[in-house]
Every structure is written in C-alpha cells, then in structure tokens.
Amino acid sequence: MYRDFPEKYDEFATIGWNHKEENQIYNKFNFNEKQVADIGSGSGKSTFLLAPYAKFVIGIEPEKSMRDLAIKKVKEKGIANIRFIEGAAENIPLPYNSVDYVTAITTVMNPPDEVIPRFIEEAERVVKPGGTIIYKGVTPGWYGGELDHIIQDQWAIENDPIADNEWNKAGFSFEDYQVIQDYGTLDKIIDVYGFIFGLSVIEFLRKHRKTTITWSYRWYFKQVNAG
Ligand SMILES: C[S@@+](CC[C@H](N)C(=O)[O-])C[C@H]1O[C@@H](n2cnc3c(N)ncnc32)[C@H](O)[C@@H]1O
C-alpha cells in the first residue's frame, strides 16, 4: 500500500485524527529548540505533527512514493523546518550525536527481532547524550482496532508481541493510548477500510452501521545516556 497507494494510506492512518494523543505525548517532552529525526516518516504525517514543537525535523523514509508525497506537501505548505531524505531504521543516514530525539511513528520494523535491535543501536548512535528515542506501535492484539476479530492480520498477530518483547528487553517504558477514527459516514469508512481489508469488513461495517473505529497504540520511550 505504501508504494502503490500512498494517498489511501493517508486516509487510513490514525495519526492526526485525534491530536489529543500526540499532544499528550509531545507535551511530556521538551522539543523546544530541539532537532528531531523522524524515522519511517512515510507521507509525512508524523513529521508535520512534530514540526510545530521542534526546531527542525528530518523525515527519513525508504519508500520513494511516500517520500515524494511528503516532499510535495512540504512545498505546498511552505514549512521551513522540515526536510525529507531517503534512509531506513537499520541505517540512519545521520552522524553520531547529531539529534536530540529519534522518533519512529508506526514505522514498520520487519522482522522485528532483527530490525528493532539494529534500529535501537542506530538511534543510540545518532542521538545526543540525554536525548530520547520514541516509538509508537499498535498495542499487541489491537491491529485493526475494533475490527481485529475480522481482520485477523496474521503478520500483526505473530509480530506485535515479538516487537513488544524487543522494546521491553531494551529497557523502554511504555504507555497505551486509545484513538477514535471518525469517518463521519458509512460510505467514507467503507471507501477506506473496505478498499484495504475487503468484503468481510464491508459487511461488518454495513451491518453495524459503523462510522468510527477505535485503535489502541503503545508508545515506547527511552532516554539515552542521561549521565
Ligand atoms: C504506517 S507508515 C507510518 C508513516 C508515518 N510515520 C506516519 O505516522 O504517518 C510506516 C512507514 O514505515 C516505512 N518503513 C518500512 N520499513 C522501514 C524501515 N526498515 N526503516 C524505515 N522505515 C520503514 C514504510 O515505508 C512506511 O512509510
């Protein structure tokens, strides 16, 4: 989907639906005058939300079509404190001790037991002493939100608990937050969720006349070399 339908991803992504969640998280930290690297920045949604809090945000994304959409938006919006570059979680294209925060907001880390330890190593390399690494993932068992019992995403069922274990093993603490996606109409929610997840989801949405979906996200945090 990221490669072929980046605009559809934008309609599906829960980020930014309910700024309360991000505001709660970002207000816990002091981003004022800070440099942030946002890894797996996709079409830029996570980067655009961070930019008003920070001095500068570098969005780093391996998928060209997502990156191109983000670059197009940054030009249209005329935002000066964002740059998007190519790169991946396993190999962050930044120098040692160069940023105050590394964020990765629902960034795919596949396979988690290989990519997450490698990402943490890289994030610890680029973050300054006392800086913080922040990762947002889906709470294990919550992929598909309230539709998890229909969507039954095999990758998430197998990998979300493995990922959770990797963050815990590496000393990250976490907090869970619920987010409600409100599409307003049945047609709109079917347009997005039906497109991605197919007939069984469309039937469920129609039967229950659902226009909202609740998800639960797990935010992981770790301060590096606080001294
Ligand atoms: C669910 S999207 C999140 C995008 C953005 N952070 C947001 O909040 O909208 C996941 C992104 O992770 C990217 N991704 C996949 N594998 C990656 C890797 N190894 N390193 C960095 N990003 C990766 C995908 O290309 C995709 O853009």
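Figured I'd write up the structure that's included with this text. Predicted model only: the values in this text are computed from it and were never measured.

Describing the overall build of the protein chain
Next, step 1: If you tally the helices and strands in the protein chain, you get nine helices and seven strands.
Next, step 2: For 227 residues, the compact-globule formula gives about 17 Å, and the C-alpha radius of gyration of the protein chain, at 17 Å, lands near that figure.
Next, step 3: Oriented by its inertia axes, the alpha-carbon framework of the protein chain measures out at about 55 × 40 × 30 Å.
Next, step 4: Look at the contacts in the protein chain between residues 6 or more apart in sequence, and 72% of them connect residues 24 or more apart.

Here's the deal with the pairing of strand 5 (residues 127–138)
Next, step 1: A large share of strand 5 lies buried, amounting to nine of its twelve residues.
Next, step 2: Of the pairings in the sheet, the one linking strand 4 (residues 99–105) to strand 5 comprises six bridges and is parallel in character. Within the sheet, the bridge partner assigned to Ile-105 lies in strand 5 and is Lys-136.
Next, step 3: Taking the sense of rotation as the criterion, the β-α-β connection linking strand 4, helix 5 (residues 112–126) and strand 5 turns out right-handed.
Next, step 4: As paired strands, strand 5 and strand 7 (residues 212–223) are joined by seven bridges and run antiparallel to one another. From the neighbouring strand, Tyr-135 faces strand 7, where its bridge partner is Tyr-220.

Examining helix 7 (residues 154–169)
Next, step 1: Along its 16 residues, helix 7 runs 23 Å from first to last C-alpha, staying within 8% of the 22 Å computed at 1.5 Å per residue.
Next, step 2: A bend of about 30 degrees at Asp-160 is the largest found in helix 7, and the proline Pro-161 appears one to four places after it.
Next, step 3: Among the residues making up helix 7, those that are buried are Asn-159, Asp-160, Ala-163, Asp-164, Glu-166 and Trp-167.
Next, step 4: Packing partners of the buried residues in helix 7 comprise helix 5, strand 5, strand 6 (173–182) and strand 7.

Brief notes about the packing of helix 8 (residues 186–197) against helix 9 (residues 199–208)
Next, step 1: Put simply, helix 8 and helix 9 touch, their axes get as near as 8 Å, and they point 155 degrees apart. By the angle between their directions, the pair helix 8 and helix 9 is classed as roughly antiparallel. When the axes of helix 8 and helix 9 are compared, the crossing they make is right-handed. On helix 9, the residues that touch Leu-186, Ile-189, Ile-190, Tyr-193, Gly-194 and Phe-197 of helix 8 are Val-201, Ile-202, Leu-205 and Arg-206.
Next, step 2: Here the residues of the contact of helix 8 with helix 9 are counted per class, giving eight nonpolar, one polar and one charged.

What counts, and at which threshold
Residues numbered from 1 in each chain as written. Predicted model: local features only at pLDDT ≥ 70, side-chain atom pairs only at ≥ 80, totals over all residues. Helix = DSSP H or I, 4+ residues; strand = E, 2+ residues; numbered from the N terminus. Rg over C-alpha atoms; globule rule 2.2 N^0.38 Å. Contact = placed C-beta atoms within 7 Å. Buried ≥ 20, exposed ≤ 12 C-beta atoms within 10 Å, placed from the backbone. Pairing = 2+ DSSP bridges. Right-handed = clockwise from strand over helix to strand, strands pointing away. Expected span 1.5 Å × (residues − 1). Bend = angle between axes of the 7 residues up to and from the residue. Axes fitted to C-alpha atoms, helices over the stretch in contact; angles between N-to-C directions. Parallel < 35°, antiparallel > 145°, perpendicular 65-115°, else oblique. Left-handed = near helix turned anticlockwise from the far one by under 90°. Nonpolar A, V, L, I, M, F, W, Y, C, P; charged D, E, K, R; others polar.

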